[in-house]
Amino acid sequence: MHQQTLSLFDTDVPNDPPEAKALEVHRRLCKEYDCPLRYFHRLDPLSELVSALLSHRTRNRDSGLAFRTLRERFPDWEQARDAPVDQVQDAISACTWPEQKAPRLQAVLRAVGERNNGSLSLEFLRDWPVAKARAWLESLPGVGPKTSAAVISFSNLRGKALPVDSHHHRVAARLGLIPEDLPVGPSHRVLESQLPGEWDAQMVYDNHQIIMRHGKETCTWRDPKCRQCVLLDLCPHGQARLAGKRTAKHEGEQPAR
């Protein structure tokens with residue numbers, strides 16, 4: 001049935017290795033969104049860690065407001081660590097679940113200081129291999145692959161790491177780069193392994209940004225714009241969706257006389 005519906009469009013999804021498809025996706029989306037892209041943050045790694053923790057399941061505008069308010073009320077991270085938790089919660093109220101994020105944020109700041117001779121700084125990660133730095137970050141409470149990759153890539157460390165957010169994950173799953181039932185966490189390793197080892201940090205950053213942006217603007221959760229997608233011929237989900245819509249549209253119609 002699936003093959004029959006696809007044949008309505010006289011097309012088929014190439015059965016390329018995932019590495020080849022990932023490269024073609026990158027090439028097309030870079031053309032679409034004009035790579036290389038400007039880094040959107042210049043934060044130090046600890047500030048980026050805090051920003052990433054606040055951004056979980058939160059719109060960028062709201063997490064940005066929460067971060068700015070937190071910095072205005074607590075000009076250094078020691079103050080944020082030692083303040084009453086209700087004051088931190090009030091400062092980050094613009095983000096989702098501030099009642100959960102405030103104590104977690106303070107726990108992370110305490111852990112950083114305890115593991116770094118009392119210093120609230122992650123500058124030492126600058127001299128570490130990326131894998132070691134990410135493992136250290138992921139040993140902190142509430143820090144997973146997405147957050148560790150964000151700290152390495154988005155902060156002024158400018159390291160080579162691939163964050164995968166919900167938009168990136170959705171696009172990759174629809175393209176068949178990862179299984180649809182693979183959770184976001186494990187998908188980091190799979191998707192990063194599909195990128196050429198010789199790529200620099202800018203290219204890996206671009207890869208995340210263009211796929212994430214494509215998920216926000218075209219391959220949306222509801223009503224993706226499949227007909228105008230530059231990846232349609234690579235996308236089994238999009239082809240099946242359009243074929244299904246076209247088939248359903250004509251169901252129940254009387255044949256032409």
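Rules behind the numbers
Residues numbered from 1 in each chain as written. Predicted model: local features only at pLDDT ≥ 70, side-chain atom pairs only at ≥ 80, totals over all residues. Heavy atoms only, no water. Disulfide = S-S within 2.5 Å. Buried < 20%, exposed > 50% of the residue type's maximum accessible area, 1.4 Å probe, protein only. Helix = DSSP H or I, 4+ residues; strand = E, 2+ residues; numbered from the N terminus. Polar contact = N/O pair within 3.5 Å; in protein donor to acceptor, adjacent residues only side chain to side chain. Contact = heavy atoms within 4.5 Å.

## Brief notes about the state of the cysteines
In protein chemistry, a disulfide is the covalent bond that joins the sulfur atoms of two cysteines. Tallied over the entire structure, the rule returns 1 disulfide. Note that Cys30 is cross-linked by a disulfide to Cys35, the S-S spacing being 2.2 Å. Residues Cys30 and Cys35 share a disulfide whose torsion about the S-S bond is about -80°; that sign makes it left-handed. Residue Cys30 is classed as buried on the basis of its relative accessible area of 15%. The closest cysteine sulfur to the non-disulfide-bonded Cys219 is located on Cys235, 6.1 Å from its own sulfur. On the accessibility criterion, Cys219 (11% relative accessible area) is buried. Residue class for Cys235 comes out buried when judged on its relative accessible area of 9%.

## Considerations on the side chain of Ser148
Relative to the helices and strands, Ser148 resides in helix H9 (residues 145-154). Since its relative accessible area comes to 0%, Ser148 is described here as buried. Of the polar contacts made by the side chain of Ser148, one reaches the side chain of Glu138; its length is 2.7 Å. Among residues more than four places away in sequence, those in contact with Ser148 are Arg134, Leu137, Glu138 and Val143.

Take it as geometry only, folks, not as evidence of what the structure does.
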